[in-house]
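Residues per chain are reported as follows:
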Amino acid sequence: DNLTTLESIDDAATKNWGNNWRMPTSAEMQELLDNCTWTWTTLNEVSGCMITSTVEGYTDKSIFIPAAGYKEGTGTLYSNNENGYYWSNSLNADYLERGDPSNADFLPIFQPGSEWWQQIMITPSVRTKGFSVRPVYIGN
């Protein structure tokens, strides 16, 4: 269908939270990487990253992204309280160029000390993975 982002009917945030919510785009996730500090912390006994804006006028704004792990199929939960994996609503451009819409972009978070901690970047994965969704509020 030549779409590059999920329609609302396929968007997990919209389906679960309503029309005022959607999954973030890859570009919005990249903004978090480019314009925020990332600090590994524990909040209410849950490990994850506190992401705080470095943009002037917004330095008091932050969000917490839990290290919620992921699932393979309907099976075991892996990496809970260690790492997190968050879907975007963007299909991966490289795979789309090859005619393969089966991969979407996601943003992983890794705990400090892991071999991947300094490699937080948007990357593709098959859309059947049980990754988390951090919804974006789009208003009325």
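Structure first, text after, so check above.
Counting from 1, residues in each chain are numbered in the order their sequence is written. A pLDDT threshold of at least 70 governs which residues receive local features in this predicted model, and a stricter bar of 80 or more applies before side-chain atom pairs are shown or counted, although totals over entire chains, interfaces and linings include all residues. In computing side-chain values, all of the structure's heavy atoms are included and hydrogens and water are not.

Novice: With reference to specific residues and values, describe the pattern of salt bridges.
Specialist: Salt bridge, as used here: a side-chain nitrogen of Lys or Arg that lies within 4 Å of a carboxyl oxygen of Asp or Glu. Scanning all chains against the criterion turns up 2 salt bridges. Between Arg22 and Glu28 there is a salt bridge, with the nearest N and O atoms lying 2.7 Å from each other. Taking the relative accessible area as the measure of exposure, Arg22 reaches 21% and is therefore partly exposed. Assessed through its relative accessible area of 25%, Glu28 is described here as partly exposed. Burial here depends on accessible area, computed with a 1.4 Å probe over protein chains only, as a share of the maximum for the residue type. Under 20% is buried, over 50% is exposed, and the range in between is partly exposed.

Novice: Tell me about the packing of aromatic side chains, and please be specific about residues and values.
Specialist: Aromatic rings from Phe, Tyr and Trp, taking only the six-membered ring of Trp, are treated as a pair when their centres fall within 6.5 Å; an angle between ring planes under 30 degrees marks them as stacked, one over 60 as edge-to-face, and anything in between as tilted. Considering all chains together, one arrives at 11 aromatic pairs under this definition. Measuring from centroid to centroid gives 5.1 Å for Tyr70 and Tyr85, while their planes differ by 80°, and the two rings are edge-to-face. Separated by 15 residues along the polypeptide, Tyr70 in strand S5 (residues 70-71) and Tyr85 in strand S7 (residues 83-91) bring together distant segments of the chain. For Tyr85, a relative accessible area of 11% corresponds to the buried category. Residues Tyr85 and Phe106 carry aromatic rings whose centres are separated by 6.2 Å and whose planes lie at 45° to one another, so their mutual orientation is tilted. In this pair, Tyr85 sits in strand S7 while Phe106 sits in strand S8 (residues 103-110), placing the two residues 21 residues apart along the sequence. For the pair shown, Tyr85 and Phe106 are each scored as buried. The rings of Tyr70, Tyr78, Tyr85, Trp87, Phe106, Phe110 and Phe131 are connected pair by pair, giving a single aromatic cluster. For a lysine, the NZ atom is tested; for an arginine, the CZ atom; a charge sits over a ring if that atom is within 6 Å of the ring centre and within 35 degrees of the ring normal. The ring of Tyr95 carries the charged tip of Arg98 above its face, separated from the ring centre by 4.4 Å. The way it works is that DSSP assigns letters per residue, a run of H or I at least four long becomes a helix, a run of E at least two long becomes a strand, and they are numbered from the N terminus.

Novice: Explain the pairing of strand S3 (residues 46-53) residue by residue, including any values.
Specialist: Between any two strands, at least two bridges found by DSSP are needed for them to pair. Two elements, strand S2 (residues 36-43) and S3, share 8 bridges in a ladder whose sense is antiparallel. Paired with Leu43 across the two strands is Val46, which belongs to S3.

Novice: Would you mind going over unusual backbone geometry in detail, with residue names and values included?
Specialist: Of note, the phi angle at Glu45 is positive, near 65°, even though the residue is not glycine. Examined against the element boundaries, Glu45 turns out to sit in the loop between S2 and S3. By relative accessible area, Glu45 is classed as exposed at 74%. For Asn81, which is not glycine, the phi dihedral falls at a positive 65°. Mapped onto the secondary structure, Asn81 falls in the loop between strand S6 (77-78) and S7.

None of this, on its own, says anything about what the molecule does.
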